[in-house]
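Take a look at the letters that make up each chain.
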Amino acid sequence: MYLCKHTTHDNIYMMSKEKEHWDIVIRPDRELFSLDLQEVWRYKDLLAMYVKRDIVTMYKQTILGPLWYVIQPLFTTIMFMFVFGGIAGIPTDGLPQPLFYMAGILCWNYFSECLTKCSETFISNQQIFGKVYFPRLVVPFSITISSLLKMGIQFILFLSIYVFYICNGYSINVTWYILLLPLLVAMLAGLGLGFGLIISSMTTKYRDLRFLVSFGVQLWMYITPIIYPLSILKNNYPNYVWAIVINPLTSIIETFKIAFLGQGSFNWLYLLYSLVFTIAIMLLGMLTFNKVQRSFMDVI
């Protein structure tokens, strides 16, 4: 009788165990380069919420609100026109100064915002990460998406200035390189996200790196052909062109300018180099991010 009862109990236990089904299983990633995009897709509602939060809360208690998306690049362009175009007299390849500067600022703002905000992923969200589980990549992904929407608004401003000059008789040629626009935007996002993941992972242990980021980004802008054309370096300083060309942003911005403005220095090898560099920095970002996220709560 006892054996029968014991067998029945074991059978019931085995049957209940076989019926167990878990919708979500939380376990550490074993593959360093695994993004687990399927899991991120399951949290698409949370991703959308983060995107909305990034857009709404930034200017929620401001007077002008989303108009700052337009005012910031516009005032930056005016300052560049006065300082670099007027006082310094730096040429713009024969292009109207507002269009030349706005084209560079448009690309640069998207990259720099992705980099700086993604670099604060762990520090800014440590309280949430310590209480609730969700794919950590949701946060940096939401930053790249919300920043892309901001770039879209600024792109409308760029097109408005573009149409103004065309209507006033300026000859501005759009080239077939415009077909590369999705690739250029993806490369900007990839570079900003990759560098942001690396810096965010490192700041969990070395907090002072976040103070170096804003300073480093400012210096980076001056070695990127935003306030000057690459052609002026080739003509006046040919021995130092390599220092600008190794910057992966150089070919991206120059391609953007030649696509919309018909002026710029385009080279397939330079663009291929930037693409390979973007992929490499993304892989390195994944490696460091996936390694740090396993134990960052113990360090931070």
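As the structure is a prediction and not an experimental result, all values here were calculated from the model.

## Describing the packing of aromatic side chains
What the rule picks out here adds up to 21 aromatic pairs. With a centroid separation of 6.2 Å and an interplanar angle of 35 degrees, the aromatic rings of Phe-195 and Phe-277 are classed as tilted. Here Phe-277 lies in helix 14 (residues 268-292) and Phe-195 lies in helix 9 (residues 181-203), a separation of 82 residues in the sequence. Here Phe-195 falls in the buried class, since its relative accessible area comes to 18%. What makes Phe-277 partly exposed here is its relative accessible area of 26%. Ring centres of Phe-256 and Phe-260 lie 4.8 Å apart, and the angle between their planes is 40 degrees; this geometry places the pair in the tilted category.

## Focus on the pattern of salt bridges
The final tally for this structure, using the stated rule, is 2 salt bridges. Salt-bridge contacts for Glu-113 lead to Lys-117; the nearest nitrogen and oxygen are separated by 3.0 Å. Taken together, the positions of Glu-113 and Lys-117, both in helix 5 (residues 97-118) and 4 residues apart, correspond to about one turn of that helix. Judged by relative accessible area, Glu-113 falls into the buried class, the value being 12%. For Glu-113, the salt bridge goes to Lys-150, with nearest N and O atoms at 3.0 Å. Here Glu-113 is found in helix 5, whereas its partner Lys-150 is found in helix 8 (residues 138-167), with 37 residues between them in sequence.

## Points about the nonpolar core
Grouped together as the largest cluster of nonpolar side chains are 57 residues, with contacts concentrated most on Phe-111, Phe-158 and Leu-261. Among the elements that make up this core, the one with the highest residue count is helix 5 (13 residues). Contact partners of Leu-261, with chain neighbours within four places excluded, come to Leu-95, Leu-99, Phe-100, Ala-103, Phe-158, Tyr-162, Ile-172 and Asn-173. Ranked by size, the runner-up nonpolar core spans 19 residues in total, among them Cys-118, Phe-129, Phe-134 and Ile-143.

## Quick word on empty space enclosed by the protein
What the rule picks out here adds up to 3 cavities of 30 Å³ or more. In this structure, the largest cavity is lined by Leu-230, Val-245, Thr-250, Ser-251, Glu-254, Ser-265 and Tyr-270. Per-element tally for the lining of the largest cavity: the top contributor is helix 13 (residues 248-260), with 3 residues. The residue inventory of the lining of the largest cavity, partitioned by class, reads 3 nonpolar, 3 polar and 1 charged.

## Observations concerning a nonpolar patch on the surface
A cluster of nonpolar residues, Val-174, Trp-176, Ile-178, Leu-179 and Trp-268, forms a patch on the protein surface that exposes about 550 Å² of accessible area. Turning to its location among the elements, Trp-268 is positioned in helix 14.

## Some remarks on unusual backbone geometry
Despite not being glycine, Asp-93 shows a phi value in the positive range, around 60 degrees. Counting through the fold element by element, Asp-93 comes out in the loop between helix 4 (68-87) and helix 5. Under the relative-accessibility criterion, Asp-93 is labelled partly exposed at 25%.

## Considerations on the environment of Val-139
Looking at the secondary structure, you find Val-139 in helix 8. Val-139 sits in the buried class, given a relative accessible area of 2%. Linking Val-139 and Lys-117, residues 22 residues apart in sequence, is a C-alpha distance of 9.7 Å. Once residues lying within four places of it in the same chain are set aside, the contact partners of Val-139 are Tyr-50, Thr-121, Asn-125, Phe-129 and Phe-134.

## Concerning the packing of helix 8 against helix 9
It is at 11 Å that the axes of helix 8 and helix 9 come closest, and there the two elements cross at 140 degrees. Of the possible angle classes, the one that applies to helix 8 and helix 9 is oblique. The two elements helix 8 and helix 9 cross, and the hand of that crossing is right-handed. Residue-level contacts link Pro-140, Phe-141, Thr-144, Leu-148 and Met-151 of helix 8 to Val-185, Leu-188, Leu-193 and Leu-197 of helix 9. Among the residues making up the contact of helix 8 with helix 9, the classes are represented as 8 nonpolar, 1 polar and no charged.

Definitions and cut-offs
Residues numbered from 1 in each chain as written. Predicted model: local features only at pLDDT ≥ 70, side-chain atom pairs only at ≥ 80, totals over all residues. Heavy atoms only, no water. Phe/Tyr/Trp six-rings, centres within 6.5 Å; stacked < 30°, edge-to-face > 60°. Helix = DSSP H or I, 4+ residues; strand = E, 2+ residues; numbered from the N terminus. Buried < 20%, exposed > 50% of the residue type's maximum accessible area, 1.4 Å probe, protein only. Salt bridge = Lys/Arg side-chain N within 4 Å of Asp/Glu carboxyl O. Core = buried A, V, L, I, M, F, W, Y, C linked by side-chain atoms within 4.5 Å. Contact = heavy atoms within 4.5 Å. 1 Å grid on protein atoms, 1.4 Å probe; cavity = no way out; pocket = protein on both sides within 12 Å on 5 of 7 lines; lining within 4 Å. Points joined across faces, edges and corners; volume = space filled by probe spheres on them. Nonpolar A, V, L, I, M, F, W, Y, C, P; charged D, E, K, R; others polar. Patch = residues over 30% accessible without salt bridge, like charges linked within 9 Å, V, L, I, M, F, W, Y side chains within 5 Å. Areas by Shrake-Rupley, 256 points an atom, 1.4 Å probe, with all protein chains shown as cover. Axes fitted to C-alpha atoms, helices over the stretch in contact; angles between N-to-C directions. Parallel < 35°, antiparallel > 145°, perpendicular 65-115°, else oblique. Left-handed = near helix turned anticlockwise from the far one by under 90°.

In short, shape yes, function no, at least from these values alone.
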